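Report on the structure
Residues per chain are reported as follows:
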Amino acid sequence: MAYWWVSQNQTYRHERDGEYLWAPNIDGGGRKPFHWASMNDVKQGDIIFSYVGQKIVSVSIAKTKAYNSQRPQEFKSQEAWKKDGKRIDTQYNDLKTPLHISKLKNTLLNLLPNRYSPLTANGSGNQGYLFPLPPNAGRFL
């Protein structure tokens, strides 16, 4: 079992309601950003923390590994994203009390990697979608 951090400010409501994660395979320049490519590393049973509005609002369990999927219909406003992507079916579990990262950042930042971290050194969110978490950070959350 592995731990993941998904930053979903733009897509949370659609992904939550549909119980999935989705990311394009490549960006407009034909590159595969690490935070989209990481979809391929998620395994069934992995734990995923949903980061929205500087809070962890849900904890999900991956029901599937990533599989090929077209951009969801709900993402009409994301026309800049390519249509081919990866999807992971998940079981979302909403937190009654979201975890405010500002209250946890001093401890959490010490548990996160220097490279490919979901948070910057000052505790704000890094640009990206799906980030692997070290086991200690996942257990802490």
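Heads up: the structure comes first, above all this text.
Summarised in this report is the structure supplied together with it. Residue indices begin from 1 for each chain and proceed along its sequence in written order. Given that the model is predicted, a residue must reach a pLDDT of at least 70 before its local features are reported, and side-chain atom pairs must reach 80 or more before they are shown or counted; all residues, however, enter totals for whole chains, interfaces and linings. The basis for the side-chain values is all heavy atoms of the structure; hydrogens and waters are excluded.

Here we look at empty space enclosed by the protein
Think of a 1 Å grid over just the protein atoms. A cavity is a set of points where a 1.4 Å probe fits yet cannot get out, a pocket is an open set with protein on both sides within 12 Å along at least five of seven lines, and lining residues have an atom within 4 Å of a point. Grid points are joined across faces, edges and corners, and a volume is the space filled by probe spheres set on the points. Inspection of every chain in the model, using the stated rule, returns 1 cavity of 30 Å³ or more. A volume near 30 Å³ is recorded for the largest cavity. Together, Ala-23, Pro-24, Asn-25, Lys-32, Trp-36, Ala-37, Met-39, Asn-40 and Lys-86 line the largest cavity. Working definition: helices are DSSP H or I runs of at least four residues, strands are E runs of at least two. Numbering for both runs from the N terminus. Every element with two or more residues in the lining of the largest cavity is listed here: β2 (20-24) and α2 (34-37). Gly is placed with the polar residues, together with every amino acid not listed as nonpolar (Ala, Val, Leu, Ile, Met, Phe, Trp, Tyr, Cys and Pro) or charged (Asp, Glu, Lys and Arg). Residues belonging to the lining of the largest cavity are distributed by class as follows: 5 nonpolar, 2 polar and 2 charged.

Side note on the layout of surface pockets
To locate leftover empty space, one rolls a probe as large as a water molecule over the atoms. The calculated volume of the largest pocket comes to roughly 390 Å³. If you trace the largest pocket, you find 19 residues lining it, with Ser-7, Gln-10, Gln-127, Gly-128 and Tyr-129 closest to the centre. Of all the elements in the fold, those that place two or more residues in the lining of the largest pocket are β2 and α2. Broken down by element, the residue count for the lining of the largest pocket peaks at 3 residues, all from β2.

So, the pattern of salt bridges
By definition here, a salt bridge exists when the distance from a side-chain nitrogen of Lys or Arg to a carboxyl oxygen of Asp or Glu is within 4 Å. On inspection of all chains with the given rule, the structure shows 5 salt bridges. Here Arg-13 and Asp-17 are joined by a salt bridge, their closest N and O atoms 3.3 Å apart. A residue pair is termed a helical-turn pair when its members lie 3 or 4 positions apart in one helix, as Arg-13 and Asp-17 do in helix α1 (residues 12-18) at 4 residues. Neither residue differs from the other here; Arg-13 and Asp-17 are each classed as exposed. Working definition: with a 1.4 Å probe on protein chains only, accessible area under 20% of the residue-type maximum means buried, over 50% means exposed, and in between means partly exposed.

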